[in-house]
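# Survey of secondary and tertiary structure
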Amino acid sequence: ELPPSEFMQVADSTWLVLSVVSNGREPSGSQATGVTKIARSVIAPLAEHHVSVLMLSTYQTDFILVRERDLAVVIHTLAGEFDIYKEESGECVSVTCEDVSNGFLKPKPAASPTLHPVQSPQTRFCVLAVAPDTLPAIATMLIDVLFYSHSPPREAGAGSQDLDSITFFSFSLIEGYISIVMDAETQKRFPSDLLLTSSTRELWRMVRIGGQPLGFDECGIVAQIAEPLAAADISAYYISTFNFDHALVPEEGIDEVIQLLQQRQESGR
């Protein structure tokens with residue numbers, strides 16, 4: 001419904017959403033989950049089969065977006081490890097490889113993925129949820145933060161591996177669940193009794209992936225982060241955007257995360 005505009009870029013591909021649930025159970029919605037080992041078990045095989053993904057973590061669960069044209073490859077790749085269902089008229093219907101065999105091409109071996117530079121700003125972030133019935137109480141503040149509070153992003157120097165701060169605010173509304181990521185200073189502007197946080201109320205630090213806009217055709221970007229962190233049992237909250245990818249990790253683990261990612265980059269050279 002949005003009118004065409006010279007100010008709006010739209011990616012060519014249409015994307016489908018994969019939601020990964022454990023043993024058929026929906027997430028509880030009571031705790032921020034982030035990129036889990038289940039998500040990693042989806043991301044890594046897809047990267048090996050040259051499928052590009054976008055990742056969207058919310059307070060409640062993780063969503064993996066794949067291009068519609070890659071659906072046949074996705075089904076064939078994941079069917080050995082997962083029961084796969086599609087939604088039709090509100091009902092979940094089982095999907096098999098035979099259902100999408102038309103047009104399936106055995107994927108070519110993926111080339112070694114590019115290991116993109118990572119930057120870790122000093123900004124501390126909060127991962128929050130909002131009850132839908134309390135949204136009107138913070139609507140004015142949300143509009144102000146979303147549309148009127150941004151300053152132009154400061155460019156990092158050439159080869160810089162660290163930023164003093166970064167402007168980042170994420171709002172998602174999915175099936176009635178509201179999830180927000182904001183920096184700790186912005187959170188102070190909101191009524192604390194209307195924002196739901198995890199029981200530990202931890203703060204998060206960000207790792208931004210990419211020294212320049214990443215595009216949508218390359219595969220393995222999410223796996224570059226998810227695999228080493230999952231192997232080290234470090235939870236991460238991952239958000240792909242139009243230009244860059246962002247992983248948030250618990251503040252106390254940021255030094256270990258940077259070390260792991262630097263080791264991966266050095267071993268990949």
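What comes next concerns the included structure. (Residues numbered from 1 in each chain as written. Predicted model: local features only at pLDDT ≥ 70, side-chain atom pairs only at ≥ 80, totals over all residues. Heavy atoms only, no water.)

## Description of empty space enclosed by the protein
If you walk through the whole model with that rule in mind, you get 1 cavity of 30 Å³ or more. Roughly 130 Å³ of volume is contained in the largest cavity. For the largest cavity, the lining is made up of 18 residues, of which Ser-52, Val-53, Glu-218, Ile-221 and Asp-245 are closest to its centre. Top contributing element to the lining of the largest cavity by residue count: helix H5 (residues 221-231), with 3 residues. Grouping the amino acids of the lining of the largest cavity by side-chain chemistry returns 12 nonpolar, 4 polar and 2 charged. (1 Å grid on protein atoms, 1.4 Å probe; cavity = no way out; pocket = protein on both sides within 12 Å on 5 of 7 lines; lining within 4 Å. Points joined across faces, edges and corners; volume = space filled by probe spheres on them. Helix = DSSP H or I, 4+ residues; strand = E, 2+ residues; numbered from the N terminus. Nonpolar A, V, L, I, M, F, W, Y, C, P; charged D, E, K, R; others polar.)

## Brief notes about the packing of helix H1 (residues 37-48) against helix H2 (residues 71-78)
At a closest axis distance of 10 Å, the pairing of H1 and H2 adopts a crossing angle of 120°. Compared by their axis directions, H1 and H2 come out oblique. As for how H1 packs across H2, the hand of that crossing is right-handed. Where H1 approaches H2, its residues Val-42, Pro-45 and Leu-46 are matched on the opposing element by Val-74, Thr-77 and Leu-78. (Axes fitted to C-alpha atoms, helices over the stretch in contact; angles between N-to-C directions. Parallel < 35°, antiparallel > 145°, perpendicular 65-115°, else oblique. Left-handed = near helix turned anticlockwise from the far one by under 90°. Contact = heavy atoms within 4.5 Å.)

## Regarding the packing of aromatic side chains
Any pair of aromatic rings gets described here by the distance separating the centres and the angle formed by the planes. Taken as a whole, this structure holds 2 aromatic pairs when the rule is applied. On the numbers, 6.1 Å between centres and 85° between planes, the contact of Phe-125 with Phe-168 is edge-to-face. Here the residue Phe-125 occupies a position in strand S7 (residues 124-130), and Phe-168 occupies one in the loop between helix H3 (135-147) and strand S8 (170-174), the gap between them amounting to 43 residues. An identical accessibility class is assigned to Phe-125 and Phe-168; each is buried. Directly above the aromatic system of Phe-244 lies the positively charged group of Arg-208, at a separation of 4.3 Å from the ring centroid. (Phe/Tyr/Trp six-rings, centres within 6.5 Å; stacked < 30°, edge-to-face > 60°. Buried < 20%, exposed > 50% of the residue type's maximum accessible area, 1.4 Å probe, protein only. Lys NZ or Arg CZ within 6 Å of the ring centre and 35° of its normal.)

Geometric descriptors of this kind do not, in isolation, establish any biological role.
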